[in-house]
Amino acid sequence: MTSATFGFAVQATCGKARAGTITTPRGDIRTPAFMPVGTAATVKAMLPGSVRATGADILLGNTYHLMLRPTAERIAALGGLHKFMNWDRPILTDSGGFQVMSLASLRKMTEKGVTFRSHIDGSRHEITPERSMEIQRLLGSDIVMAFDECTPYPADEGTARASMELSMRWAQRSRDAFGDRPGHALFGIQQGSVYADQRAESASKLRTIGFDGYAVGGLAVGEGQEKMFEVLDYAPDMLPEDKPRYLMGVGKPSDIVGAVARGIDMMDCVLPSRSGRTGQGWTARGQVNLRNARHRDDPRPLEEGCTCPACTGYSRAYLHHVIKSDEIIGSMLLTWHNLHYYQSLMQGLRDAISAGALADFTAAFHANVALGDV
Ligand SMILES: Nc1cc(CSc2ncc[nH]2)c2nc(N)[nH]c(=O)c2c1
Ligand SMILES: [Zn+2]
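In this report, we go over the structure that sits alongside the text.

Analysis parameters
Residues numbered from 1 in each chain as written. Chains lettered and ligands numbered in written order. Predicted model: local features only at pLDDT ≥ 70, side-chain atom pairs only at ≥ 80, totals over all residues. Heavy atoms only, no water. Pairing = 2+ DSSP bridges. Helix = DSSP H or I, 4+ residues; strand = E, 2+ residues; numbered from the N terminus. Axes fitted to C-alpha atoms, helices over the stretch in contact; angles between N-to-C directions. Contact = heavy atoms within 4.5 Å. Near = heavy atom within 4 Å. Polar contact = N/O pair within 3.5 Å; in protein donor to acceptor, adjacent residues only side chain to side chain. Areas by Shrake-Rupley, 256 points an atom, 1.4 Å probe, with all protein chains shown as cover. Donors = N, O, S within 2.8 Å, 3.2 Å for Na, K, Ca; no water. Tetrahedral: all angles 85-135°; square planar, octahedral: opposite > 155°, others 65-115°. Parallel < 35°, antiparallel > 145°, perpendicular 65-115°, else oblique. Left-handed = near helix turned anticlockwise from the far one by under 90°. Buried < 20%, exposed > 50% of the residue type's maximum accessible area, 1.4 Å probe, protein only. Lys, Arg positive; Asp, Glu negative; His and termini not counted. Salt bridge = Lys/Arg side-chain N within 4 Å of Asp/Glu carboxyl O. Expected span 1.5 Å × (residues − 1). Core = buried A, V, L, I, M, F, W, Y, C linked by side-chain atoms within 4.5 Å.

One open sheet accounts for three strands, arranged β1-β2-β3; its pairing is antiparallel. Both outer strands of the open sheet, β1 (7–14) and β3 (27–31), are each paired with one neighbouring strand and no more. Across this sheet, the average inter-strand angle for adjacent strands is 15°, counted without regard to direction. Taken together, the seven bridges between β1 and strand β2 (residues 17–24) define a ladder with antiparallel strand orientation. By the bridge assignment for β2, Gly-7 is matched with Thr-23. With respect to the sheet, helix α14 (residues 328–354) is in contact with β1, β2 and β3, its orientation differing from that of β2 by roughly 115°.

So, on to the site of ligand 1. Neighbouring ligand 1 are 18 residues, the closest being Asp-94, Asp-148, Gly-218, Leu-219 and Asp-268. Between Gly-218 and ligand 1, the recorded distance is 2.8 Å, taken from a backbone N or O atom to an oxygen atom. Here a nitrogen atom of ligand 1 and a backbone polar atom of Leu-219 are 2.7 Å apart. Here ligand 1 has 460 Å² of accessible area as a free molecule, and 96% of this is covered by the chains. Among the elements of the structure, β5 (59–62) and α5 (97–103) are those that each provide at least two residues to the shell around ligand 1.

Below, the discussion takes up the sheet that holds strand β12 (residues 213–216). The eight strands are arranged β4-β14-β13-β12-β11-β10-β6-β5 in an open sheet whose pairing can be described as parallel. On the outer flanks of this sheet lie β4 (33–35) and β5, each paired with one strand and no other. For this sheet, the mean inter-axis angle between neighbouring strands, taken without regard to orientation, is 25°. Sheet topology places strand β10 (residues 143–145) next to strand β11 (residues 185–190); three bridges connect them, and they run parallel. Bridging across to β11, Val-144 finds its partner in Leu-186. On top of the sheet, helix α6 (residues 129–139) reaches β6 (91–94), β10 and β11; it is set at about 160° to β10, its chief contact.

Distances from the zinc ion (ligand 2) to its protein donors, Cys-306 (SG), Cys-308 (SG), Cys-311 (SG) and His-337 (ND1), fall within 2.1 to 2.3 Å. With four donor atoms in place around the zinc ion (ligand 2) and angles of 103 to 113° between them, the coordination shape is tetrahedral.

Interaxial distance between helix α10 (residues 253–261) and α14 falls to 11 Å at its minimum, and their mutual angle equals 25°. As summarised for this structure, α10 and α14 are arranged roughly parallel, according to the angle between their axes. Here α10 and α14 pass one another in a crossing that is right-handed. Along the contact surface, α10 presents Pro-253, Ile-256, Val-257 and Val-260, while α14 presents Tyr-341, Tyr-342, Leu-345, Met-346, Leu-349 and Ile-353.

Looking at the element boundaries, Arg-181 is found in the loop between α7 (157–178) and β11. An unpaired buried charge is present at Arg-181: no salt bridge exists, and Asp-142, the closest side chain of opposite charge, is 8.1 Å distant. In contact with Arg-181, not counting residues within four places along its chain, are Arg-137 and Val-144.

What follows is about the pairing of β5. Side chains Leu-59 and Gly-61 of β5 all project onto a buried face; the interleaved residues Leu-60 and Asn-62 project onto the opposite face, where all are buried too. Of the pairings in the sheet, the one linking β5 to β6 comprises four bridges and is parallel in character. Counted as the bridge partner of Asn-62 is Asp-94 from β6.

On to α14, then. Compared with the 39 Å implied by 1.5 Å per residue over 27 residues, the 39 Å span of α14 between its first and last C-alpha is a close match. Counting buried positions along α14 gives 19 out of 27 residues, so the element sits mostly inside the fold. Gly-356 sits one or two positions beyond α14 and adopts a positive phi of about 65°.

Our next topic: the nonpolar core. In this structure, Leu-232, Leu-247 and Ile-256 are the most contacted members of the largest nonpolar core, which totals 77 residues. Sorting elements by how many residues they give to this core places α14 first, with eight residues. Apart from the residues lying within four places of it in its own chain, the contact partners of Ile-256 are Phe-34, Val-250, Gly-251, Met-267, Tyr-342, Leu-345, Met-346 and Leu-349. Membership of the second largest hydrophobic core comes to 18 residues, among which are Ile-29, Leu-92, Met-145 and Phe-187.

Here it is in structure tokens:
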């Protein structure tokens, strides 16, 4: 299905959890949704068709990486990011601030924006809310993120407040620069660290500005699952319930189950792809480290019953061998399996919410993980 405009409809709820659909001109996104990360215009070790085969409806791109190489102007001249990377479904792009703070050097932040030197070749660059909106427009992304500062953790109340207030001023400038782009969405990003009053002020400011969706930012920054859930016990409720809620940078499977139960509709994380390349397999029974010698004679698949190419075509012994030998197929198979597992988890969550049985699903999820890998 496609729609000329951007829309969101909730089809079912179970407690705070919602099952819904985001409609975009490039296709529908079933929520709760997990978005694979395609930082440099590729989900590493995967062809776009393979990403789709895992069940992904949308993937992520990165303003920071693409502005440095090959540049947004070059991608625009070549027809935009969808054509460039051969993915014709929705793309969400992050706005660049988070990556600048975590990757670039010689960073200088002012009210205007951030100047920095590229981690690739040391060249000087500047990102402002206006430049971030221009880059994401040049890329052609369907969901654009406001330019924000992800408040580091831990931050005292004064530091968190100054950071949140800067992000809210940048959110207004992002909205003003984005303009009116039917079929394209602009998402605001809530900050406020772990302080409920600041989270409320941030949400209120974002509502006043008005966005097509709202992200919970400033989490998954080292606070740990318990603290993250403590904030998620109230922060998503502060955001408009008729718009998608996106928790940025999350997470491992148990993070995802807990976040969905607290009202989150969209998540993204490099974990399934990045850890796949190091030989980590994620399964319903927990993590399996294929580098471990205990797998070298094991003829069984990574996960019994999994229908992905890694589990239907290969043994643990083979996966152990190609991972230890650093063969490219090892990254391909483990990434595919992990993304397939994550999408299966999302499908299970969507089905459980629609059946009003999320508590049972959650209990079974934790019971399976407790069984551990055999
Ligand atoms: N934890 C976390 C992760 C990300 C990157 S999400 C991402 N970008 C590309 C891939 N994934 C964040 N991004 C922004 N803009 N703001 C945040 O507060 C924030 C917090
Ligand atoms: Zn599998």
